[in-house]
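# Coordinates in review
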Amino acid sequence: MNGKGHDNAGAGAPARGDYVLEARDLARRFKVGSSFLATPQVVRAVDGVSLSVRRGETLAIVGESGCGKSTLARLLLRLLRPSSGQVLYDGTDISDLPEREMRRLRKDLQFIFQDPFSSLNPRMTVGAIVEEPMRVHGIGTRASRPQQVADLLRRVGLRAEYANRYPHEFSGGQRQRIGIARALACGPRVLIGDEPVSALDVSIQAQVINLLEELKAEFDLTLVLIAHDLAVIRHMSDRVAVMYLGEIVEQGETDTLYDAPLHPYTQALMRAIPIPSPRSRKVDSGLTGDVPSPLAPPPGCRFHTRCPLASGICKVERPPLATVAHDRMVACHHWEEARAGIPSAAETPAHSHAAERRFALYREHSLAGTAAASDRTP
Amino acid sequence: MTGATVSPASDGVAPRRQSRVWSKLKRNRGALIGALIVGFFVIVAALAPLLPIADPTATSWTAVRKAPSALYWLGTDEIGRDIFSRMIWGAQASLLAGVVSVLIAVVIGVPFGLVSGYFGGWTDQAISRVTDALLATPFLILAIALAAFLGPSLTNAMIAIGLSATPIFIRLTRGQVLSVKTEDYVEGARAIGLSDVAIMSRYILPNVFAPILVQATLTIATAIIAEASLSFLGLGQQPPYPSWGSMLNVAKNFMTQAPWMAWWPGAAIFLVVLGFNLLGDGLRDALDPRES
């Protein structure tokens, strides 16, 4: 029934047809500490991000908390207006669209929230929550929608009878499924998840991730996932963008990026993946110091205060995000040195082997997971 | 249990929301008592013209300040009017004053509070500053000033009390909206494509409703007392027609000679205020889906 949402999928300009969503030099600044007398300080939550999301791919955006990835997600959906820059959906600039037209477009662009406990209206039944997008966008009729809601609930692994219950009667994992059903209800083409599983138990995480993968194939979706768990990302994404302090520092295909990270920050993140072995329990990311405050980001390369390869130029000149290989971009003055340094982290194969075991766990769960979840009652 | 029952789970139809609220309300003893008290006075007030009681304005020089007796169940007042009859007719004025003025306050205050909290910015600044200015004036002083400006009558007293109580509801609603606005489901409603009006009415209002309801019941009590004060000043119910407040205020001159003149209106105000508070508390619990 959601196939209708794709009728116009091929109608875009062929040249740009590859990209469903693009960000061009996107920036969002927030004023903080604004009061009558004090001059407000400015946080550059997202600062000059350019990004292209290809039709049908899964793009992951990774970074530490506070790096601006949630802000970026909201900018891509125009839940926030950018301070500068553009967001293009199917080649049209949506960053300045009037609210009324934007509301119509929201049918195509849906969002999954991080916190399943605050993302559902406690005063509405699950059925009403899932039906809401259909009602707003005029999908189905008053008579047909309850059936559509029941189908959707079953599809995300819940019972159709749950439609009459209230959100507080459900567990976190079930609520996240309700949130996913709501996001799918109006037949979107792009689904953006703001850390959709990070608030859930690890066992439930795998189930929800696998559900998203299945739905992506079934409904022909493009997924943008915000995450900080690198294991989850490798399992399900096609490409990865790494963010640091409001900027994208590296971008590339998942496997190449994981096998040979070029930015010193990405390398540090890779080293920080926990290893499920008692002998190598110590996590050493090789990073020193804390993330600088986004109120006062360092000049030049924002990573230079913590970077092992930092030199004079890094303190002065901001490195551009440059294409260094096919579909591979990195923003570092010293990426070639960083690449040469990869063997120095000689245990990398061991790490990725260990990480591989965790990925395998996700795959195992994908078979048992959805079946088990549908039997779960609150 | 009978052969014809259908399993409630299999047809997927759960009881509707209203019946849930109702059944929860019925299980709450306090709410039930409150509802009974309020209901009793409402019925008595509504039936006043039909009851076989004396004319509340008829005076009798032979029966001045008589104690309760078989003839005058609740006694008589300083010019020989039947207090029982005046109590029943006074219930009309007092309940009307309480409920109508709070309705006025809610109907004006809640939308302003919603808009102020939801949109923020200049709208919020303008509405909040006016609210602050009104709140800086004592409630009763403001009501007296407004009532004096509008002219003495029960209707004008209700309007004056309602307008004086409005800033409380603006402030309360605004504060609640500010906290609910940050919830993800409000952003979720925007992400679905709902308009601001729909978000305010379907997502924010239901979630700020409970404290407003509780405040409203408390304010009904305050409004009943405010009406009494205005009546005392000659700005509320006009003599010879009774209201509990004006009866109480006259009675205070005869506290030692005829204490029953104060007992009945005092007790009635106390009971109605208690009833509204119990009912409001019960409604708050019943409307909260998180409490079963």
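Residues numbered from 1 in each chain as written. Chains lettered and ligands numbered in written order. Predicted model: local features only at pLDDT ≥ 70, side-chain atom pairs only at ≥ 80, totals over all residues.

## Things to note about the sheet that holds strand S5 (residues 92-93) of chain A
Residues and elements named next belong to chain A. For clarity, the cut-off: Strand pairing is assigned whenever DSSP identifies at least 2 bridges connecting the two strands. Only DSSP runs of H or I reaching four residues or more are called helices, and only runs of E reaching two or more are called strands; each is numbered from the N terminus.
Spatially, S2-S1-S4-S5 is the arrangement adopted by the four strands of the open sheet, whose pairing is antiparallel. Here the strands that pair on one side only, and so sit at the sheet edges, are strand S2 (41-54) and S5. Pairing of strand S1 (residues 19-32) with strand S4 (residues 84-89) involves five bridges; the strand directions are antiparallel. Along S4, the bridge assignment pairs Ala27 with Ser84.

## Overview of the packing of helix H5 (residues 172-184) of chain A against helix H6 (residues 202-219) of chain A
All names here are of chain A. For clarity, the cut-off: Angular values range over 0 to 180 degrees, each being the angle between N-to-C directions of two axes fitted as lines to C-alpha atoms, with helices fitted over their stretch in contact. For classification, angles of less than 35 degrees are called roughly parallel, those exceeding 145 degrees roughly antiparallel, those between 65 and 115 degrees roughly perpendicular, and all remaining angles oblique. Left-handed is the label given to a crossing in which the near helix is rotated counterclockwise from the far helix by less than a right angle, and right-handed is the label when the rotation is clockwise. A pair of residues counts as a contact when their C-beta atoms, built from backbone coordinates, are within 7 Å of each other. Under the scheme applied, nonpolar residues are Ala, Val, Leu, Ile, Met, Phe, Trp, Tyr, Cys and Pro; charged residues are Asp, Glu, Lys and Arg; polar residues are all the others, including Gly.
Packing of H5 against H6 leaves a shortest axis separation of 10 Å and a crossing angle of 15°. Judged by the angle between their axes, H5 and H6 are roughly parallel. Handedness of the H5/H6 crossing: right-handed. On H6, the residues that touch Gly172, Gly173, Gln176, Ile180 and Leu184 of H5 are Ile204, Gln207, Val208, Leu211, Leu215 and Phe219. Residues of the contact of H5 with H6, tallied by class, amount to seven nonpolar, four polar and no charged.

## A word on the environment of Glu218 of chain A
In plain terms, the rule: For every residue, the other C-beta atoms within 10 Å of its own C-beta are counted; 20 or more classify it as buried, 12 or fewer as exposed, and values in between as partly exposed. C-beta atoms are placed from the backbone.
With respect to the secondary-structure elements, Glu218 of chain A resides in helix H6. The exposure class assigned to Glu218 of chain A is exposed, which follows from the 12 C-beta atoms found within 10 Å.

## As for the confidence of the model for chain B
Do not read the fine detail of predicted coordinates wherever pLDDT is low. All names here are of chain B. Here is the rule: Confidence of the predictor at the level of single residues is captured by pLDDT, which takes values from 0 to 100.
Scored by pLDDT, chain B comes out at a mean of 86, with 92% of its residues at no less than 70. In the model of chain B, helix H1 (residues 17-27) stands out as the element of lowest mean pLDDT, 73, in contrast to helix H6 (residues 154-181), which has the highest, 95. Here the predicted complex scores 0.78 on pTM and 0.77 on ipTM.

## Some details on the domain arrangement of chain A
When the parts of a complex come together, some accessible area is lost, and that lost area is often taken as the interface size. Residues and elements named next belong to chain A. Where we set the bar: An automatic or database domain assignment supplies the start and end points of every domain.
Partitioning chain A into structural domains gives domain 1 (2-237) and domain 2 (242-345). Taken together, the contacts link 22 residues of domain 1 with 16 residues of domain 2. Listed by contribution, the elements that provide at least two residues to the side of domain 1 that touches domain 2 are S2, strand S3 (58-62) and helix H7 (230-236). For the side of domain 1 that touches domain 2, the element with the highest residue contribution is S2, accounting for 10 residues. Here the residues of the side of domain 1 that touches domain 2 are counted per class, giving 10 nonpolar, seven polar and five charged.

## A few points about the sheet that holds strand S11 (residues 322-325) of chain A
All names here are of chain A. Spatially, eight strands are ordered S6-S7-S8-S3-S9-S10-S12-S11 in an open sheet, and the strand pairing comes out mixed. The sheet terminates laterally at strand S6 (109-112) and S11, the two strands that pair on one side only. When strand polarity is set aside, the average angle formed by the axes of neighbouring strands in this sheet is 25°.

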